[in-house]
Amino acid sequence: MPLDYYEDEDEKDSGSKNGRKDFDCPECNANNPLEEPLSDGQEVLCNYCGLEFGVKAQDNGRFKFKEL
């Protein structure tokens, strides 16, 4: 049974003043640069495998990704 959410476990400090402008795809592990910082409720697309994910922000500043 697949997990509902994938937690991005990169550095805790990745949520700097300007916000995080990249993410690692939960499926193919490719790093994807973004023009705008990640935010809660945002939808992101992996530029390598083509899957779309919904972003959910956690209280600790990390993000979880759910395949759409």
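Structure: above.
For the structure given in this document, a descriptive report is provided here.

About the thresholds
- Residues numbered from 1 in each chain as written.
- Predicted model: local features only at pLDDT ≥ 70, side-chain atom pairs only at ≥ 80, totals over all residues.
- Heavy atoms only, no water.
- Helix = DSSP H or I, 4+ residues; strand = E, 2+ residues; numbered from the N terminus.
- Buried < 20%, exposed > 50% of the residue type's maximum accessible area, 1.4 Å probe, protein only.
- Contact = heavy atoms within 4.5 Å.
- Areas by Shrake-Rupley, 256 points an atom, 1.4 Å probe, with all protein chains shown as cover.
- Pairing = 2+ DSSP bridges.
- Core = buried A, V, L, I, M, F, W, Y, C linked by side-chain atoms within 4.5 Å.

Brief notes about the overall build of the protein
Then step 1. For the protein, the helix and strand inventory stands at zero helices and six strands.
Then step 2. In the protein, the succession of helices and strands from N to C terminus is β-β-β-β-β-β.
Then step 3. Residue burial in the protein is summarised as follows: out of 68 residues, 25% are buried.
Then step 4. Of the contacts made within the protein by residues no fewer than 6 positions apart, 27% connect residues no fewer than 24 positions apart.
Then step 5. Within the structure as shown, the protein displays about 4,900 Å² of accessible surface, and the carbon and sulfur contribution to it stands at 42%.

Here's the deal with the pairing of strand β5 (residues 52-57)
Then step 1. Judged from the three bridges that link them, strand β4 (residues 43-45) and β5 form a sheet pairing that is antiparallel. The residue of β5 that forms the bridge with Glu43 is Gly54.
Then step 2. The antiparallel hairpin formed by β4 and β5 contains six residues in its connecting segment, where Gly50 sits at a positive phi of about 85 degrees.
Then step 3. Where β5 and strand β6 (residues 63-67) come together, five bridges link them in antiparallel fashion. Of the residues in β6, the one forming a bridge with Lys56 is Lys64.
Then step 4. In this structure, the hairpin formed by β5 and β6 is closed by a connection of five residues, where Gly61 is found at a positive phi of approximately 90 degrees.

With respect to the nonpolar core
Then step 1. Phe23, Cys25, Leu38, Val44, Cys46, Phe53, Val55, Phe63 and Phe65 form the largest nonpolar core, which has nine residues in total.
Then step 2. Going through the elements one at a time, β5 and β6 are the ones with two or more residues in this core.
Then step 3. Val44 has contacts with Phe23, Leu34, Leu38, Leu51, Glu52, Phe53, Val55 and Phe65, leaving out every residue within four places of it along the chain.

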